[in-house]
Structures are given as structure tokens and as C-alpha cells.
Amino acid sequence: MEDMLDSILSEEDRYFREVVRAWVERECPKAWCRELERREDVFPQDLWDKLVAFGALGIGIPEEFGGQGGSMLNQVIFARELARTAAGLTWVWGVTSFSGAKLLLYAGSPEQKQALLPKIATGTLKTAMAFTEPGGGTDLLGGLRTRAERREGGWLLRGEKIWSTGASVADYLVVLARTDDAVERRTQGISLLLVPRDLPGIEIQPLPKIGMRAYSSCTVRFDDVYLGTDALIGEEGKGWYQSLEMLNYERLINAATCLGILDGVIEDALEYLRTRRAFGKPIGQFQILQHYVADMAMWRAQAELLIFHAAKRQSEGKPIAMEAAMAKIAASEYANRAADLGIQILGGMGYSAETDMQRYWRDSRLLRIGPISNEMGKNLIAEQLGLPRSF
Amino acid sequence: MKVLVAVKRVVDYNVKVRPKPDGSGVDLANVKMAINPFCEIAVEEAVRLKERGVADEVVVVSVGPTQAQEQLRTALALGADRGILVEAEADLEPLAVAKVLKAVCEREQPGLVILGKQSIDGDNNQTGQLLAALLGWGQGTFASEVVVEGDRVRVTREVDGGLQTVSLRLPAVVTTDLRLNEPRYASLPNIMKAKKKPIEVTRPAELGVDVARRTELLGVEPPPARKGGIKVADVAELVDKLRNEAKVIG
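Please read all numbers here as calculations on a predicted model, not as lab measurements.

Cut-offs and rules
- Residues numbered from 1 in each chain as written.
- Chains lettered and ligands numbered in written order.
- Predicted model: local features only at pLDDT ≥ 70, side-chain atom pairs only at ≥ 80, totals over all residues.
- Heavy atoms only, no water.
- Helix = DSSP H or I, 4+ residues; strand = E, 2+ residues; numbered from the N terminus.
- Areas by Shrake-Rupley, 256 points an atom, 1.4 Å probe, with all protein chains shown as cover.
- Lys, Arg positive; Asp, Glu negative; His and termini not counted.
- Charge placed at Lys NZ, Arg CZ, Asp CG, Glu CD.
- Buried < 20%, exposed > 50% of the residue type's maximum accessible area, 1.4 Å probe, protein only.
- Contact = heavy atoms within 4.5 Å.
- Axes fitted to C-alpha atoms, helices over the stretch in contact; angles between N-to-C directions.
- Parallel < 35°, antiparallel > 145°, perpendicular 65-115°, else oblique.
- Left-handed = near helix turned anticlockwise from the far one by under 90°.
- Nonpolar A, V, L, I, M, F, W, Y, C, P; charged D, E, K, R; others polar.
- Core = buried A, V, L, I, M, F, W, Y, C linked by side-chain atoms within 4.5 Å.
- Phe/Tyr/Trp six-rings, centres within 6.5 Å; stacked < 30°, edge-to-face > 60°.
- Lys NZ or Arg CZ within 6 Å of the ring centre and 35° of its normal.
- Buried area = accessible area lost by both parts, 1.4 Å probe.
- Salt bridge = Lys/Arg side-chain N within 4 Å of Asp/Glu carboxyl O.
- Pairing = 2+ DSSP bridges.
- pLDDT = per-residue confidence, 0-100.
- Domains from an automatic or database assignment.
- Disulfide = S-S within 2.5 Å.
- Polar contact = N/O pair within 3.5 Å; in protein donor to acceptor, adjacent residues only side chain to side chain.

A.B. asks: Account for the overall build of chain A, with residues named and values stated.
C.D. replies: Regarding its fold elements, chain A presents 12 helices and 10 strands. For chain A, the spread of C-alpha atoms along the principal axes amounts to about 80 × 45 × 40 Å. For chain A, the accessible surface area stands at approximately 16,600 Å², while carbon and sulfur atoms represent 51% of it. Mean positive and mean negative side-chain charge positions of chain A (46 and 52 charges, respectively) differ by 4 Å.

Below is the structure:
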């Protein structure tokens, strides 16, 4: 089939994709990623080191801040290619170099950018996002109890966060906290704070989970944590608005992760269909299994077009709220469904922890829930279509 | 010192090639093409010489179709400074390529020429040697180490049964073996910078080179399919078959 992205990607983008593909193939093979993922709560330092050596953490960070430059398209390409083998462990790259760096780029002060972005780009600093709270994920604002109060020379932070992925290994946590109650709307009076992880009063506890086991998602408690004035990212009280764009980008990069998972699933399914024999012929000769993999190929094609269309728009400076939501929902549903069928095709081997289908399934299962549930994403799409807000 | 590197556009090494039905050549329709792996090693070596301050310019040249510009861009993204494409439609034989490269060398006056020891499509292993002979320069083929020392280059060669070291007076021709280095991955900024580096396009005729073939390709066919094995009843039958059918023992 002709490459559907020919009209979207430039010659340089395509060459970049080739380089990343070759790097992933050689440095991050599936079996290796499978072993890394198996070790619960053991940060995959080897993967991190390879990402650093390749310059991956600098992709999307401008060269003036020590990064590799490049646009959203490059980041989407990278996430997809890495996820083909690494699946959810793509977050090891994404949480810092995507979410953290993006937020600093859009909202950080010149001093913060100068001080932190070069460290992110060269892999000497990790961030984790701490937004969700025990009282609410989808209704983030309704559940927001964490507060930061002005004190002489800085802030006093109090509260509890949950599902902060990478918090246990991060140097800095990006925390969403209420800083003002006297506001008209609940989206106001919220600020973003950059919190060094090792401050007194911070307690971090990893949560057991079914996927991406090596990269812990944590509960984080802030028990009267004193922060300097320089902890504030961007403008006081504008934290929610500063986060919104980043959340769109995050949806898109997670969609790209799902697209890479689809690549991996299809690759492994085809391999098994060609080699596994039953009733005297390869099982790929049976019509129902052919239909399964044909469905997967169609899903991938749809996800690919949605994702790259959105990434192209973003790199041209156009809004992508609706496109990113669509791409994220479609890609995560497709990836998880494809991994499920992939397990069915592989049969017992699909259920075995010694093949990758189960890993693709576990990791893509999360992406139907986070970073925004697909149901909530559909509410946003409906709203963009002009219907009244449903929540 | 200027280093000239020759690169060839070939079928990607991961592709399983098939002959055309009429046997006139290998089917290249919709096949992924790439820089010849040995040529990539040559580019890497030249770029390392530049990084060590031994070379001050790396010029990369390809003799081939218009699309060979892609492989020149690859070399530029790895760190070469500028490219030269000598456009030729027909599949040139090694002697023709060597003559073209000789003309380019006479114009560019490099201190060192690095080529892959062979391309993975033709597997001729001739171009480097022919070029050195045509230029009257020394040659160090199958290099696993290249050290420039003043006006000489010391080349460690991978030969049967061990390593041979030769010292050549510059200018010289070196061809690369697999273990010379491990080429880097092009970084994103270098991929973007490669876009702006110049590629000059010329033709063999403009260089005054006659590239007409001296050999004729009679046909290309796949190797015969391997026949299935047989089971033998006992050792006596095995020995009999080895002796009288396979004729591998006396």
C-alpha cells in the first residue's frame, strides 16, 4: 500500500522516521522492552540512557534551549516508532520531554526555560505531572483540593495527588494547585507550581497497576511543603488555562503511542498467521483470522490519518482541540481492540507473558481511560459541534 | 585536507530481492532503497576525520539516478559538507563508475578518497581498486582502521587469516570493511541542516567520461530452490549416497 503520509510528511520527516525506526529496531527490541516492563517499580534506566544518547529527549525542544528542534510532527513520529516495541514505556520519554517540557515552553518564565529545558533535553532532569487527585480525575476541577498559600518568600503547599506517573523518579513535580478562592469561575485561581521532589513534607507511594509496571504511577502527599517564589510556572491564577493546550498535545502524543501499538500488534499477528499451522495449513489461510487482521489494518489507517492530520495542524499553529480528542479516542479504542484480537489470534501464546500481545493490551487499556477518558473526550467533541456542554 | 566519499544507492539490506520475470535484472519497483552499508561506513569515517581536525571538508559523490540525491542527503545528514550527483540513467559497471570518480577527483583534488569495499547489490568489489589504478594512487582496501599521519595514511586491512597494515602516501584510496566503525544515527538538527547543504548535479558527458558498457548482462535468475531432504534407513545407505550420489566422499 502506498504510504498515506506522503502528502503530510516532508522528505526530512520521512528520513527522520527512517532513522528512528532503525534506532528502535536495533536499540529497543520488543523482547528487551518486555523484560524492562516486567520489573515492577524498577525505573528502566537503560531505556532512559539510550533515549538520552539518541537525543530523543530534546526532540521538540528548540535548539536555543539545547534541544533538537523539530515540531509536533517529529514528536508524533518518534512516539509512534518507539511504541511499536516499547508500548506504554513510551511514557518514559513522553512524561518529561513531552508533558513537562511542553508546559515549561508554553508557560515557563524565561529564567525557568533557560534553567530547565537544556537539562531536560540532555536527560539530566526528569519531571512528572501531578494534576489528578483522589477526589476526581475526569472532573479534575471538582476534585481539586490541593492548595498553595502565599507565605513570606514563597508558598506553602498542602494536598494529595494520585496517578502521578514517574513521580518517584522525577526531579521536579509539576503540580496543579488552587491559589485563590475568591474567583468567579472554578477555572480561575489555579496555579502551576514546579516542586522539587526531595523537599521535606513530600511523601510518594507507587500504585500497583496492570500495565507499564516499570514506570510507577504514584500517590503524592504534600504535607506543608515550603516552596520558593520561583516555583510558580507562568502567571498566578492562570494555571488551568496554561494547561489546556498542553493537554491537547498530550492527547495527540498518546494517540501516536496507540498507533505504534497498532503497528506492533499487526506485525506480531501477521508473523503468527504466517508461521503457525493448524489442520495442515498456516492459520493465516483461515478467513475469520484474515478478517481480524484486515480490521486491524483499517483501524490503523484511520488512526494514522487522524493523528497526522492533527499533528500537521498543530505544527502550522492551528487549534487542534477537536482533532486531538478524535485521534486519541479512535486510536486507543482501535489499539486495545486490535491487541485483544491479537491475543485471540495467538491463542495460548497471546495469553503468555513471553509474547507481547498481552503487554500491548495492558498498556493500550490505560489509554482508553487516561489522560482523558474516551467518554469525556466525546463530550468535548460534541461541545465543539455546537451542542450544550453535558457536564 | 579534503576527503571525497563515494556512495551508492542500493536496495535496502532488509529487502528480499526478486528478479524481474524476464530475467533482465532485479525488480526495483516499489522497493525500499538505501545508502549502501559499506558506503555509510565510509561517510562515518570521513566525518570522524573531520571531527578530529584531520579533514576540513567532506565531499560526497554518487554516480546514479536522480533519486540518488536521497542517499546524498543521508550522507549530508551524517555530517558531510556538500554533495555531487553524477546523473546516469543506466546501471553503470564498476569501470565506468571508477572513470567518473577519477574525473571528479581530478577536479576536486581530494587528499583522501574513501569508498565502501563493495556494494551489496552488484557485489563486484572493483570500483575502489579500479579508481586507485586509474589515478595512479596507492590503495588500502578492506580497512578496519584508518590513521592519517602527516602526508601518509596507515590502513589496517582485514585479510584472510589476520590483519595487514599498509602505509600509503597521500593522496590515496581507501575502501571500508564492516568493522571500521559503527555509523551514527543522524540527529534531527543535522537532518534539517542537510536540506540546506548544496548538491551539485552533473553528468558523465560533462565530465568527459564515456560510460558505455564493456560487458553485457545475459540474465538474472534466483538461485535454484533447495530440494527437500530424504531419510535414510541406516549408516550404510548414508555412506553409499554420500559417495555415489552427492559425491562428497571418496
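A.B. asks: Please set out helix α11 (residues 357-366) of chain A residue by residue, giving values where relevant.
C.D. replies: Residues and elements named next belong to chain A. With 7 of 10 residues buried, α11 is to be regarded as a mostly interior element. Of the residues making up α11, those classed as buried are Met357, Gln358, Arg359, Tyr360, Arg362, Asp363 and Ser364. Where α11 is buried, its residues contact α2 (30-38), α4 (72-86), α7 (239-275), α9 (321-346) and α10 (348-351).

A.B. asks: I'd like a description of the packing of α7(A) against helix α8 (residues 287-315) of chain A, backed by residues and values.
C.D. replies: Residue and element names in this part refer to chain A. Here α7 crosses α8 at 155°, and the two axes come no closer than 9 Å. As far as their axial angle goes, α8 and α7 are roughly antiparallel. For the pair α7 and α8, the crossing hand works out as left-handed. For the pair α7 and α8, the contacting residues are Tyr249, Leu252, Ala255, Ala256, Leu259, Leu262, Asp263, Val265, Ile266, Ala269, Leu270 and Leu273 in the first and Leu289, Val293, Met296, Ala297, Arg300, Ala303, Glu304, Ile307, Phe308, Ala310, Ala311 and Gln314 in the second. Looking at the contact of α7 with α8, its residues break down into 20 nonpolar, 1 polar and 3 charged.

A.B. asks: Outline the nonpolar core, supporting the account with residue identities and numerical values.
C.D. replies: Residues and elements named next belong to chain A. If you look at the biggest cluster of nonpolar residues, it comprises 117 residues, and the most contacted ones within it are Leu51, Phe78, Met296, Ile307 and Phe308. Dropping the residues within four chain positions of it, Leu51 is found in contact with Trp23, Ala56, Leu57, Phe78, Leu82, Val92 and Trp93. Leu116, Ala121, Val174 and Leu192 belong to the second largest nonpolar core, which has 26 residues in total.

A.B. asks: How would you summarise the packing of aromatic side chains if you had to cite specific residues and measurements?
C.D. replies: Summed over the entire model, instances satisfying the criterion amount to 10 aromatic pairs over all chains. Seen from their ring centres, Trp23(A) and Phe78(A) are 6.0 Å apart, and the 35° between their planes marks the pair as tilted. Here Trp23(A), found in helix α1 (residues 11-27), pairs with Phe78(A), found in helix α4; they are 55 residues apart in sequence, far enough to count as distant. Classification of Trp23(A) as buried rests on a relative accessible area of 3%. Ring geometry for Trp299(A) against Tyr334(A): centres 5.7 Å apart, planes inclined by 5°, an arrangement best described as stacked. Separated by 35 residues along the polypeptide, Trp299(A) in helix α8 and Tyr334(A) in helix α9 bring together distant segments of the chain. By relative accessible area, Trp299(A) is classed as buried at 10%. Joined through ring pairs, the aromatic side chains of Trp23(A), Phe54(A), Phe78(A), Trp93(A) and Tyr185(B) make up one cluster. One residue, Arg359(A), lies across the ring of Tyr360(A), its end atom 5.7 Å from the ring centre.

A.B. asks: Mind laying out the interface of chain A and chain B, listing which residues take part and the relevant values?
C.D. replies: At the interface, 17 residues of chain A touch 15 residues of chain B. Taken as a group, Glu12(A), Tyr15(A) and Gln68(A) account for 42% of the area that chain A buries against chain B, more than any other trio of residues on that side. In this assembly, chain A and chain B are joined by 2 salt bridges. Residue Glu182(B) pairs with Arg26(A) through a salt bridge whose shortest N-O separation is 2.8 Å. If one sorts the elements of the side of chain A that touches chain B by residue count, α1(A) sits on top with 10 residues.

A.B. asks: Give me the lowdown on the sheet that holds strand β9 (residues 162-169) of chain B, citing residues and values where you can.
C.D. replies: Strand pairing in a sheet takes place through backbone hydrogen bonds and is either antiparallel or parallel in direction. All names here are of chain B. The mixed open sheet is built from 9 strands, whose spatial order is β9-β8-β7-β10-β6-β1-β4-β5-β11. Looking along the sheet, the strands with just one partner apiece sit at the ends: β9 and β11 (199-202). Across the sheet, the axes of successive neighbouring strands diverge by a mean angle of 30°, strand direction being ignored. Two elements, strand β1 (residues 2-6) and strand β6 (residues 112-116), share 3 bridges in a ladder whose sense is parallel. Residue pairing across strands places Val5 opposite Ile114, the latter belonging to β6. Strands in contact with helix α1 (residues 37-51) are β1, β4 (57-64), β6, β7 (138-149) and β10 (172-176); relative to β6, the strand with the most contacts, it is inclined by about 150°.

A.B. asks: Tell me what's going on with the confidence of the model for chain B, and back it up with residues and numbers.
C.D. replies: Averaged over every residue, the pLDDT of chain B is 95; the share at 70 or more is 100%. Among the prediction metrics, the complex's ipTM stands at 0.87, with pTM recorded as 0.91.

A.B. asks: For the domain arrangement of chain A, give the residues involved together with the corresponding values.
C.D. replies: Residues and elements named next belong to chain A. Domain boundaries assigned for chain A yield domain 1 (11-126), domain 2 (128-235) and domain 3 (241-384). Relative to domain 3, the C-alpha centre of domain 2 lies at a distance of 30 Å. Residue-level contacts link 14 residues of domain 2 with 11 residues of domain 3. The contact between domain 2 and domain 3 buries some 990 Å² in all, and 57% of this surface belongs to carbon and sulfur atoms. The largest share of the area that domain 2 buries against domain 3 comes from Thr138, Ile210 and Met212, three residues that together contribute 45% of it. If you look at where domain 2 meets domain 3, you find 0 salt bridges.

A.B. asks: Which residues make up the state of the cysteines, and what are the values?
C.D. replies: Within the structure shown, the criterion is met by 0 disulfides over all chains. Just so you know, Cys33(A) is unpaired, no disulfide at all, and the nearest cysteine sulfur is the one on Cys28(A), 5.4 Å from it. Here Cys39(B) stays free of any disulfide, with the sulfur of Cys105(B) as its closest cysteine sulfur at 14 Å.

A.B. asks: Report on the packing of helix α3 (residues 94-108) of chain B against helix α4 (residues 127-135) of chain B, specifying residues and quantitative values.
C.D. replies: Two packed helices can be described by the angle between their axes and the distance between those axes. Residue and element names in this part refer to chain B. Orientation of α3 relative to α4, taken along the N-to-C sense of each, is 50°, at an axis distance of 8 Å. Comparing the axis directions of α3 and α4 gives the class oblique. Every pair of crossing elements has a handedness; the one defined by α3 and α4 is right-handed. Of α4, the residues touching α3 (which contributes Pro94, Leu95, Val97, Ala98, Lys99, Leu101, Lys102 and Cys105) are Thr127, Leu130, Leu131, Leu134 and Leu135. When its residues are assigned to classes, the contact of α3 with α4 shows 10 nonpolar, 1 polar and 2 charged.

A.B. asks: Please provide a residue-by-residue account of the side chain of Asn181(B), values included.
C.D. replies: Residues and elements named next belong to chain B. Here Asn181 shows up in the loop between β10 and α5 (188-194). For Asn181, a relative accessible area of 8% puts it in the buried group. At a separation of 3.1 Å, a polar atom in the side chain of Asn181 contacts the main-chain carbonyl oxygen of Ile41. Ignoring any residue separated from it by four or fewer positions in sequence, one finds Asn181 in contact with Ile41, Glu44, Glu45 and Arg48.

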